[in-house]
Amino acid sequence: MVDISQAPQARITPVPGWPSLRGTLSEAVNIKGRGLHTGRRCQVTLHPAPAGHGVAFRRRMKKGDPVVVPASLALRLSQPLCTTLQNPEGVVIRTTEHLLAALRACDIDDVLVELDAEELPILDGSAQPWVAAILAVRRKELPVPLRFIQVLEPVEWADGPHHLQIEPAATPGFELDVTMTMKDVGQWHWQGILTPELFRREIAAARSFGRVKLAIPAMLYGLARGIPILRGAGPWCAATILGRRVIGGTRMPDEFVRHKLVDMLGDFALLGAPLLARVTALRPTHDGNYGLMTALMQKKTAWRFVEIDPESAG
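Note that this is a predicted model, so its numbers are computed, not measured.

1. So, the environment of Thr195
Along the chain, Thr195 turns up in the loop between β16 (186-193) and α3 (196-203). For Thr195, a relative accessible area of 18% translates into the label buried. Remark: the alpha-carbon pair of Thr195 and Glu175, spanning 20 residues in sequence, is separated by 8.9 Å. Once residues lying within four places of it in the same chain are set aside, the contact partners of Thr195 are Pro16, Gly17 and Trp18.

2. Re empty space enclosed by the protein
Applying the stated criterion across every chain, the model contains 5 cavities of 30 Å³ or more. For the largest cavity, the calculated volume is near 170 Å³. Around the largest cavity sit 14 residues that line it, and Val55, Arg104, Asp109, Ala269 and Gly272 are the ones nearest its centre. Broken down by class, the residue content of the lining of the largest cavity amounts to 8 nonpolar, 3 polar and 3 charged. Roughly 60 Å³ of volume is contained in the second largest cavity. Along the walls of the second largest cavity sit Trp18, Arg104, Phe174, Leu265, Phe268, Ala269, Ala273, Pro274 and Leu275, which together make up its complete lining. The residue makeup of the lining of the second largest cavity, split by class, is 8 nonpolar, no polar and 1 charged.

3. Observations regarding the packing of aromatic side chains
Enumeration according to the criterion identifies 5 aromatic pairs in this entry. Aromatic pair Trp188 and Phe256: ring centres 5.2 Å apart, planes at 80 degrees, arrangement edge-to-face. Of this pair, Trp188 sits in strand β16 while Phe256 sits in helix α5 (residues 255-268); the two residues are 68 residues apart in sequence, bridging distant segments of the chain. Summarising the burial analysis for this pair, Trp188 and Phe256 share the class buried.

4. Details of the state of the cysteines
Scanning all chains against the criterion turns up 0 disulfides. Summary of cysteine pairing: Cys82 is not part of a disulfide, and the nearest cysteine sulfur, belonging to Cys237, is at 13 Å. You can see Cys106 has no disulfide; the closest cysteine sulfur is in Cys42, sitting 19 Å from it. When its relative accessible area of 5% is taken as the criterion, Cys106 is described as buried.

5. Section: the sheet that holds strand β5 (residues 55-59)
Within a sheet, neighbouring strands are paired by backbone hydrogen bonds and run either parallel or antiparallel to one another. The mixed open sheet is built from 5 strands, whose spatial order is β3-β4-β10-β5-β6. Strands with a single pairing partner mark the edges of an open sheet, and in this sheet they are β3 (29-34) and β6 (67-70). If you compare each strand with its neighbour and ignore which way they point, the axes differ by 25 degrees on average. With 6 bridges connecting them, β3 and strand β4 (residues 41-48) associate as antiparallel partners. Bridge pairing in β4 links Val29 to Leu46.

What counts and how
Residues numbered from 1 in each chain as written. Predicted model: local features only at pLDDT ≥ 70, side-chain atom pairs only at ≥ 80, totals over all residues. Heavy atoms only, no water. Helix = DSSP H or I, 4+ residues; strand = E, 2+ residues; numbered from the N terminus. Buried < 20%, exposed > 50% of the residue type's maximum accessible area, 1.4 Å probe, protein only. Contact = heavy atoms within 4.5 Å. 1 Å grid on protein atoms, 1.4 Å probe; cavity = no way out; pocket = protein on both sides within 12 Å on 5 of 7 lines; lining within 4 Å. Points joined across faces, edges and corners; volume = space filled by probe spheres on them. Nonpolar A, V, L, I, M, F, W, Y, C, P; charged D, E, K, R; others polar. Phe/Tyr/Trp six-rings, centres within 6.5 Å; stacked < 30°, edge-to-face > 60°. Disulfide = S-S within 2.5 Å. Pairing = 2+ DSSP bridges. Axes fitted to C-alpha atoms, helices over the stretch in contact; angles between N-to-C directions.

The values are spatial; any link to function lies outside them.
Here's what the structure looks like:
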């Protein structure tokens, strides 16, 4: 979580497409549905929070007091096919990435996410329902500058065919160059400067996806290991690939690579501040996103905190 009490390392001119001040919700937002992996119902309420609170989850437990789990890179737990958080006491919050992406795309920096189960609802498999619910209430601007993480030096992460690199951006903003390939299905590429508005308009509706032939082995693996995997999955919440076709078709020709952008924005939100950087990714995964963020944070000379200069913002 970003510490906004400390002075920024530099001040910059406004970043096109991004606000200069932090934001929260003007009122609470309610949404419910079933989890992708547990298949269990979950009621979620997004509560406004003060500046500096960041994003945190408050899980209501069946026994005992509610437990708060911050959306922090340090609490990430490696789990199949999703981004999971676990606090030191072992309390888990599963499948956080779509909501985190929606919050970032709606310029919501401070919010308390209350839920009554361990996994957030998958809804239709995209970030769009979260975006729509958040936009249905007004964003409340907070009188505190929004802090960015500006990348100063290249950092990379690789594992077999998966490769990600982050480096300084040519112009202020968050630039992505993402390539996604699937054997016997296709290859897709997306490149551009990702702003909150562009994400809401062109990316948020892209759904999770997967092959039918891989789903059953994954579920059996989960049962053997005691890990919930895809128990709530189906064509109603994912682009389901059968052979070389998608049941019911896709929402857009390059839906799969666009959904990778949803996952990346949600995973990168665990840094606690939006990035000013260029990211090049070949076949990105949740583990790869985490690996790149960890490598970046460990190289202290590769990044710094910056804020918008109040005079230039005015």
